[in-house]
2 protein chains.
Amino acid sequence: MNEPVHPSHAELDSLRKNAEELAEISRGVIRNAPSFSTSIKSDSSVVTEVDLATERRLREEISRRFPQHGIQGEEFPAINAHSPYQWVLDPIDGTVSFTHHIPLYGTIIALYFKGAPVVGVIDHPALGIRTSAARGLGTFCNGARITLADVAPDQPIEREVIATTRRSNFSKAGLEREFMALQLAHPDVRGYTDCFGHTLAIRGQVGAMIDAHLQLWDIAATTLLIEEAGGKSELLKAERQPDGATRYTLIWGKPRVVDWLRAQIFKAA
Amino acid sequence: MNEPVHPSHAELDSLRKNAEELAEISRGVIRNAPSFSTSIKSDSSVVTEVDLATERRLREEISRRFPQHGIQGEEFPAINAHSPYQWVLDPIDGTVSFTHHIPLYGTIIALYFKGAPVVGVIDHPALGIRTSAARGLGTFCNGARITLADVAPDQPIEREVIATTRRSNFSKAGLEREFMALQLAHPDVRGYTDCFGHTLAIRGQVGAMIDAHLQLWDIAATTLLIEEAGGKSELLKAERQPDGATRYTLIWGKPRVVDWLRAQIFKAA
């Protein structure tokens, strides 16, 4: 068997467009979820139903378009696990937001080639905001190329909003003390949890997003989206859990803000 | 001069509809702010420009419809200060979000009659979400009546998201210790600052919103919106400042969550 060849720029551009089309499909499933707003019985049952329907639809569409590609998602077993191409899916990231009708949840779609992300999409069905990137081809938001400007050297870091996940995730990652120190060190730390915080960092609307204790499908698209926009990502922790899965803690954002967080708050992490 | 007569239900309903129309007008001004996304020079200059244009347009429209009514807003001097009817305006609440292009800012429009709020509107131009209420006539979101269910007695408070303003506002209100205690006491406290947090509380999407060190125009609509939906408001502090203005700290939300916060976190406030 020949060694698989890295996709060309033209192929990557086509794969990114395919991933955007997949996000358009999942957005439709989520927006039209049957009687979601009225038939809620318990948080977990509803989220499972819409989660499952969305991931099922994405898998069907990927298998139709790319029958040789592998797929890994939160809700179903992996398929084609030995393919060099692996789609990584989180149909609804931000399940608490989704079940509480907070409109900030999203869908994460990433494509890896031989273990490295080459395409990433984060889509917010209720906000109508979608970012996408392909390696070497830049980051786009709702169809337009976006670039992330760093904080100017004469501008104070305090002007930047810092987004984070919830405190309990920092506690699970062993970083509760750092989370509390950050609250005191910075005037405007906001709990923009899950992929909404990622999207704000990718678009430069916050200085940085810190997310903790994440599964692979939670982070699969974000590092590529940030780096292709000109931002920086910093892996703070990758911890193997008793169940064999790895949990990730990362910072993404404008380089000066990421460096400040690393040096001032997470120096021991 | 005769004592002014409290507006009837029919008059209140008409005033609420007028306030919704005002919000539709301000939404148009904000959405069409000239080259806002491209010509940004410094945060403060842009926000001033759009703030001023929005409040100016609202004042024109109120003066045309209700020439006898008073108007108080952030950007211009009060007019008709002795009228029993006073419109209280915050054209853009969440200025940091607005200047950072975080789509969660909003417009606050309230009408007071003899010192008590009788109509309130919070409008989110970028989200397309608008709540409105009139005293005795309930709360509406995008045209549909909404009611706020309390947390059931057998349900844990931890399931509810708690929204807050930024830490620095708690520090200004002398409640930094309480803010830090809340972070440790609850797993999912999110910095959904400004009127976006208010809207989530009004719609029951978070269990409660705690906002601190606020001006009158920041809170003018929220207590009515929450109470007409069936929720609870709790004034923690009303502090007269050296400049003569009063700064308010409040909790709004589902009754059990407000009571829990009052008893467990803000007992000394």
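The structure reproduced in this document is the subject of the present report. The structure displayed is predicted, hence computed values, not measured ones. Every chain begins its residue count from 1, and numbering advances along the sequence as written. The lettering of chains begins at A and the numbering of ligands begins at 1, in the order of writing. Local features are withheld for residues below a pLDDT of 70 in this predicted model, meaning they are given only at 70 or higher, and side-chain atom pairs are given and counted only at 80 or more; totals for whole chains, interfaces and linings count all residues. As a rule here, side-chain values come from all non-hydrogen atoms in the structure, and water together with hydrogens is ignored.

1. Some details on the overall build of chain A
Scanning chain A from terminus to terminus reveals nine helices and twelve strands. Taken over C-alpha atoms, the radius of gyration comes to 18 Å for chain A, in line with the 18 Å a tight globule of 269 residues would show. With the principal axes as the frame, chain A shows a C-alpha extent of 50 × 50 × 40 Å. Categorising residues by exposure relies on relative accessible area from a 1.4 Å probe, with only protein chains included: less than 20% of the type maximum marks a residue as buried, more than 50% marks it as exposed, and the intermediate range marks it as partly exposed. Burial analysis of chain A (269 residues in total) assigns 58% to the buried set. Contacts were defined at the residue level, with two residues in contact if any of their heavy atoms lie within 4.5 Å. If you take every contact in chain A between residues at least 6 apart in sequence, the share linking residues at least 24 apart comes to 63%. Accessible surface, chain A as shown: approximately 10800 Å² in total, 50% of it carbon and sulfur. When charges are counted, neither His nor the chain ends are considered; positive counts come from Lys and Arg and negative counts from Asp and Glu. We put the charge of a Lys on NZ, of an Arg on CZ, of an Asp on CG and of a Glu on CD. Side chains of chain A give 29 positive and 33 negative charges; the mean places of these two sets differ by 1 Å. The way it works is that DSSP assigns letters per residue, a run of H or I at least four long becomes a helix, a run of E at least two long becomes a strand, and they are numbered from the N terminus. Each radius of gyration reported is based on C-alpha atoms, and the globular scaling rule is 2.2 Å times the count of residues to the power 0.38. Here, Shrake-Rupley sampling with a 1.4 Å probe gives the accessible areas, and only protein chains in the shown set may cover a residue.

2. Side note on the relation of the copies chain A and chain B
We place the copies in one frame by least squares, fitting the C-alpha atoms of every residue whose pLDDT is at least 70 in both. Mapping chain A onto chain B is achieved by rotating through 180° and translating by 0.0 Å along the same axis, at an RMSD of 0.0 Å. In short, the pair behaves as if placed about a two-fold rotation axis. When C-alpha distances to the rotation axis are compared across chain A, the minimum falls at A:G191, with a value of 2.3 Å. A high fraction, 100%, of the interface residues of chain A reappear at the interface in chain B, so the copies pair face to face through one surface.

3. Regarding the environment of A:T249
All names here are of chain A. Locating T249 in the fold gives a position in strand β12 (residues 246-253). With relative accessibility at 1%, the residue T249 sits in the buried group. Note: C-alpha distance between T249 and A269 (20 residues apart in sequence) is 9.7 Å. Under this definition, polar contacts are N or O atom pairs within 3.5 Å; protein pairs additionally need one hydrogen-donor-capable and one acceptor-capable atom, and for neighbouring residues in sequence, both atoms have to be side-chain atoms. From its side chain, T249 meets the backbone nitrogen of H213 in a polar contact 3.2 Å long.

4. Structural notes on the packing of aromatic side chains
Aromatic rings from Phe, Tyr and Trp, with only the six-membered ring used for Trp, were paired whenever their centres fell within 6.5 Å, and each pair was classed as stacked if the ring planes differed by under 30 degrees, edge-to-face if by over 60, and tilted otherwise. A complete count under the given rule lists 13 aromatic pairs over all chains for this structure. Ring centres 5.4 Å apart and planes at 90° place the aromatic pair B:Y192 and B:F196 in the edge-to-face group. Assessed through its relative accessible area of 1%, B:Y192 is described here as buried. Of the residues examined, B:F196 reaches a relative accessible area of 1% and is grouped as buried. Ring pairs connect the aromatic residues A:Y192, A:F196, B:Y192 and B:F196, which therefore count as one cluster.

5. Notes on the nonpolar core
Side-chain atoms within 4.5 Å link the members of a nonpolar core, which is a set of buried Ala, Val, Leu, Ile, Met, Phe, Trp, Tyr and Cys residues. Judged by nonpolar contacts, the single largest core of 70 residues is most densely connected at A:L104, A:Y192, A:V206, B:L104, B:Y192 and B:V206. With near-sequence residues (within four places) excluded, A:Y192 lies in contact with A:A163, A:T164, A:G197, A:L200, A:V206, A:M209, B:S97, B:I102, B:L104, B:G191, B:Y192 and B:T193. Core analysis: the next-biggest nonpolar cluster, separate from the first, contains 40 residues, A:I162, A:A173, A:I265 and B:I265 among them.

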